[in-house]
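A closer look at the structure
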Amino acid sequence: MEENGEEKLIAAVRHIAKTLGRTETMAEDILQVFSAFDGRFSLDKLSSDRPLPRRRSPADSPAAGTAVAGGGGATAGGREADDPRPPLERTIRTLDRQISRFVASDRLIWSDAADAAAFLEAVDDLLATMRDLESPSGTGDKSLFDRTDDLLQRCMLRLEEEFRAILDRPDGFAAAGGISTPPSEDSDSDGADEGEDHVPVAAPVNDYNLVIDALPPGSIADLHAIARRMVDAGFGRECAEAYGVSRRGFVDESIARLGLRPRAADEVQATPWADLEDEIARWVKAAKMAFLILVPSERRLCDRVFASLPPFADLAFAAACRPAAAGLLCFADAIAAGPREPERLFRLVDMYEALHDLLPELDHLLSEQYSATLRAEVAAAHRALGAAIRGIFIELENLIRRDPAKAAVPVGGLHPITRYVMNYLRAACAFRRTLEEVMEEDATGVTIPPDPHHPSSSSLSLQVAWIMDVLQSNLEAKSKVYPEPPLSFIFLMNNGRYMTQKARDSELGALLGEDWIRRQMAMVRRWGNDYQRTTWTKVVAVLRMDGIGGAAASSSAAAGKAMRERLRMFNTYVEDIWKVQVGWLVVDEQLRTELRLAIGALVLPVYRNFVARLRQAGEVGRQIDRHLKYSVEDVETRINELFEGGRRW
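Residues numbered from 1 in each chain as written. Predicted model: local features only at pLDDT ≥ 70, side-chain atom pairs only at ≥ 80, totals over all residues. Heavy atoms only, no water.

Here's the deal with the overall build of the chain
Helices and strands together make up the secondary structure of the chain, namely 26 helices and zero strands. Residues classed as buried in the chain amount to 46% of the 649 residues present. Counted over contacts in the chain with a minimum sequence separation of 6, partners at least 24 positions apart contribute 76%. Carbon together with sulfur atoms contributes 54% to the accessible area of the chain, which is approximately 31400 Å² in total. (Helix = DSSP H or I, 4+ residues; strand = E, 2+ residues; numbered from the N terminus. Buried < 20%, exposed > 50% of the residue type's maximum accessible area, 1.4 Å probe, protein only. Contact = heavy atoms within 4.5 Å. Areas by Shrake-Rupley, 256 points an atom, 1.4 Å probe, with all protein chains shown as cover.)

Regarding the nonpolar core
Core analysis: the biggest nonpolar cluster contains 169 residues, and Phe163, Tyr243, Trp283, Phe306, Leu425, Tyr531 and Tyr607 have the highest contact counts within it. Once residues within four sequence positions are removed from consideration, tyrosine 243 is found in contact with Phe163, Leu167, Glu298, Leu301, Cys302, Val305, Phe306, Ala316 and Ala320. (Core = buried A, V, L, I, M, F, W, Y, C linked by side-chain atoms within 4.5 Å.)

Quick notes on the pattern of salt bridges
Side-chain pairing between opposite charges can occur once the charged atoms of the two side chains come close. Scanning all chains against the criterion turns up 32 salt bridges. Note that aspartate 588 and arginine 497 form a salt bridge whose closest N and O atoms lie 3.4 Å from each other. Remark: arginine 497 occurs in helix α18 (residues 485-503) and aspartate 588 occurs in the loop between α22 (556-581) and α23 (589-615); sequence separation between them is 91 residues. For the pair aspartate 588 and arginine 497, a shared accessibility class is recorded, and that class is buried. The partner of glutamate 575 in a salt bridge is lysine 629, with the nearest N and O atoms 2.5 Å apart. Placement of the pair is glutamate 575 in helix α22 and lysine 629 in the loop between α25 (624-627) and α26 (632-640), with a sequence separation of 54 residues. One network of salt bridges, with partners in common, ties together Arg261, Arg263, Glu267 and Glu279. (Salt bridge = Lys/Arg side-chain N within 4 Å of Asp/Glu carboxyl O.)

Section: the packing of helix α8 (residues 217-232) against helix α11 (residues 273-305)
Direction vectors running N to C along α8 and α11 enclose 55°, while the axes themselves pass 8 Å from each other. Judged by the angle between their axes, α8 and α11 are oblique. Contacts between α8 and α11 pair Ile220, Leu223, His224 and Ala227 from the former with Leu301, Arg304 and Val305 from the latter. Tallied by class, residues from the contact of α8 with α11 come to five nonpolar, one polar and one charged. (Axes fitted to C-alpha atoms, helices over the stretch in contact; angles between N-to-C directions. Parallel < 35°, antiparallel > 145°, perpendicular 65-115°, else oblique. Nonpolar A, V, L, I, M, F, W, Y, C, P; charged D, E, K, R; others polar.)

Details of the confidence of the model for the chain
On average, the chain scores 81 in pLDDT, and the residues at 70 or more come to 74%. Counted against residues more than four places away or in other chains, residues 172-204, with its pLDDT under 50, gives 33 contacts. Across residues 550-554 the pLDDT falls below 50, and counting only partners more than four positions away or on other chains, this stretch makes two contacts in the model. (pLDDT = per-residue confidence, 0-100.)

Have a look at this one:
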């Protein structure tokens, strides 16, 4: 009777657990409460007629070496106490029944917190059982191991499915607005016209010290719980790849919202440069936002989801971010591989500077096993842009060399190549710091040692000085096209003076140095002297009194005649020079004034002296008004009318 009473009591307890326990886990908890309350209600007795999985206690941990097997699980319908099968097999059958219920469910397990906790508990029990089977003290039963492994595979597939679902569910994007554009009041009507593929472009961002929390804390905790089980089961790579696939869509869409889309290199290079300039401006902003906001935020999220699970955090991070980042870098590589046209320099410098500023920020962020590859790709794109910039300077040299010396610039004025090169270099020197860094590196990014022959000169200053030499040689070749030697010197003076002016009081002049400016000014003076020699030396020579004094001693009439002839020749020379050179042009007003003063200083004193001597020449002097066509003031006026480019007073 006492035994019957105890059996009835146990049956009543089982009935209570079955009635109140909505899940097997809750029923097990109720039975544990009864077991702790009264020793008659041991778990072995309470579970002998009802299949209930037993929650692992500390004694059931892998360290204790017993796991669930030691407690005697439940079968599908018989008494476990009477089951002749080994405890591990009974445990696996119990876990199989419990796990299969979750795996077969069409509803997401994580839609119910209690189900999620129960499923994770079952997975933990399965992993503990798997470790028992693999331990030296295990049964060695291959069929049992294969069955457990199959059950584990099913668990991992379902966990991966749940993992993706948590990542992709709408509430995971609640905080992603930091990189997207808020909808305007009329966005619905506008969006309807633009089609399903339209992606709104992000508003400009000036503060890059932002972090995007793309998932709420609860989702991150759920993801971490799943990731930890998958890593423990040896499925860490699959978990990381699942993370990467799911998050990649968010990263790609975020980049698209920055106004960029992936493009093949040949498509980029076939795009007109005017269109590429606008795209490069967007690229610079996108690169900063991607690598200073988006990528760090993804790193932070990965580190939280895969906390204490290296290297899977880095693997997941690389899988999520590298494709979109590679698309950005592919665009940079395509631009760097394009033509080395000089007008491309300034946009390439913008891209180079953007990556240069990003690299220090990425040193720590992309330093681990998988993400280090992305850091290397950023550095490679940075080097490629640097090589392209160096190539542009070489192409500038070639452009100057190829500029033909066929047609002379009218009236000896400023040559277009001079204007282009000097303004180009002056603008380029606004990026002097960046260009000096580029020039100091070779194609591998290694800094080139200084030139031993010019230890105080940077590679950029030597490069620019060389371009100036090439330009000067080209201009000298062009000057030989002029049929009149004096006009060739006017041409050289104009262009030499322009070069000096553009360099002086600018970064270009600081780069070239004061010695270069002084040498250039000396060359302009030398060309001015050459012009005077080829034009005015014969004019002055005709006014010399050499030989006339002797003739006067023998015959005053002969001396007067000689002076009249020289005066006639002087008038002819002055008229011929004025008719031609009044149409020549000295561009710089100060240089024009200096040249006129130099001519006057050479000619007027000699002419004034000649006129004075002529007045004293007897009969000729008394008739001077008949022979003197130009006064000294008239000659000075003619000189001051020269080099106006055809404009007459």
